[in-house]
Amino acid sequence: MKLFVSGAAGFIGSNYVRWLLANSDDQVTIFDKLTYAGNLESVRDLIDDKRCWFVQGDICDRDAMAAAMQGHDAVVHFAAESHVDRSILGPDAFVQTNCFGTNVVMDTARKLEIPRVVHIGTDEVYGSVEVGSST
C-alpha cells in the first residue's frame, strides 16, 4: 500500500511513519510544511529508507496537494496547528490550517478517488483537565 501522511514531520506523525516502516511493507510519502510543529530532523533517518519520500508543502495549497497525493492508496491526515494556547493568540492560522487545510486534504482525496482518509485529532481540543491533571 502507498500511504500519504500529512504532518508526518511532527511528533505523532513521525512516530506513526516510524512504526509503519518497521511493521509493514507500505510505502510512505511524508508531506509537511515544516513549521514550529514539524521538524525535518524528526524524519531525516526515515527518508533514507527506499520506501519513504519527503515532500515539503502546505495542505492549504490545492495544486501541491494534488501533485503529491496522486497515486496513493490512502491518506492519513495529521497536519494541524497545535497547542490550544497558540489558538487563542492567533486563531486565524488555526482556522486556515485546521479547517480550510483539512477541507483541501479531503477534497483532493475525493477528486483523486483515494478511497480512504483517516483524520487524526488530539485530545487538546478539549482544553485543560481539572481532575487528574498534573498541573
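See the structure printed just above.
A few points on the structure. Keep in mind the model is a prediction, meaning the values are calculated, not measured. (Residues numbered from 1 in each chain as written. Predicted model: local features only at pLDDT ≥ 70, side-chain atom pairs only at ≥ 80, totals over all residues. Heavy atoms only, no water.)

## A short note on the pattern of salt bridges
Side-chain pairs of opposite charge can arise where the charged atoms are in close proximity.
1) Next: For the structure shown, the criterion picks out seven salt bridges.
2) Next: Residue Arg18 pairs with Asp45 through a salt bridge whose shortest N-O separation is 2.8 Å. Placement of Arg18 in helix α1 (residues 11-23) and of Asp45 in the loop between β2 (27-32) and β3 (52-56) is noted, with a sequence separation of 27 residues between them.
3) Next: Note that Asp107 is salt-bridged to Arg110, the shortest N-O span being 2.5 Å. Pair noted here: Asp107 and Arg110 are both in helix α4 (residues 91-111), with a separation of three residues, about one helical turn. (Salt bridge = Lys/Arg side-chain N within 4 Å of Asp/Glu carboxyl O. Helix = DSSP H or I, 4+ residues; strand = E, 2+ residues; numbered from the N terminus.)

## Some points on unusual backbone geometry
1) Next: One non-glycine residue, Leu34, lies in positive phi territory at about 60°.
2) Next: As for its placement among the helices and strands, Leu34 is situated in the loop between β2 and β3.
3) Next: With a phi close to 55°, Glu113 is a non-glycine residue in the positive phi region.
4) Next: For Glu113, the position within the fold is in the loop between α4 and β5 (117-119).
5) Next: Accessibility expressed as a relative area gives 68% for Glu113, which makes it exposed. (Buried < 20%, exposed > 50% of the residue type's maximum accessible area, 1.4 Å probe, protein only.)

## Let's talk about the state of the cysteines
1) Next: Counted under the stated rule, the structure contains zero disulfides.
2) Next: Looking at the unpaired Cys60, the closest cysteine sulfur is the one in Cys99, lying at 10.0 Å.
3) Next: Judged by relative accessible area, which is 14%, Cys60 ranks as buried. (Disulfide = S-S within 2.5 Å.)

## Let's talk about the packing of aromatic side chains
1) Next: Evaluated as defined, the whole model comprises two aromatic pairs.
2) Next: Their ring planes at 35° and their centres at 5.2 Å tell us that Phe4 and Phe31 sit as a pair that is tilted. Here Phe4, found in strand β1 (residues 2-6), pairs with Phe31, found in strand β2; they are 27 residues apart in sequence, far enough to count as distant.
3) Next: Judged by centre distance (5.4 Å) and plane angle (50°), the rings of Tyr16 and Phe78 are tilted. (Phe/Tyr/Trp six-rings, centres within 6.5 Å; stacked < 30°, edge-to-face > 60°.)

## Considering α4
1) Next: The first and last C-alpha atoms of α4 sit 29 Å apart over 21 residues, in line with the 30 Å expected at 1.5 Å per residue.
2) Next: In the structure, α4 departs most strongly from a straight axis at Gly101, where the bend amounts to approximately 25°.
3) Next: Directly beyond the C-terminal end of α4, a positive phi value near 55° is found at Glu113. (Expected span 1.5 Å × (residues − 1). Bend = angle between axes of the 7 residues up to and from the residue.)

## Here we look at the environment of Ser14
1) Next: In this fold, Ser14 is placed in helix α1.
2) Next: C-alpha of Ser14 to C-alpha of Arg44: the two residues are 30 residues apart in sequence and 10.0 Å apart in space.
3) Next: Look past the residues within four positions of Ser14 in its chain and what remains in contact with it is Ala8, Ala9, Ser42, Val43 and Leu46. (Contact = heavy atoms within 4.5 Å.)

## Topic: the pairing of β1
1) Next: Counting buried positions along β1 yields four of five residues, so the element is predominantly enclosed.
2) Next: Inspection of the sheet shows β1 paired to β2 by five bridges, in the parallel sense. The partner of Leu3 across the bridge, within β2, is Val28.
3) Next: You can see the chain leave β1, run along α1 and come back into β2, and the turn it takes is right-handed. (Pairing = 2+ DSSP bridges. Right-handed = clockwise from strand over helix to strand, strands pointing away.)

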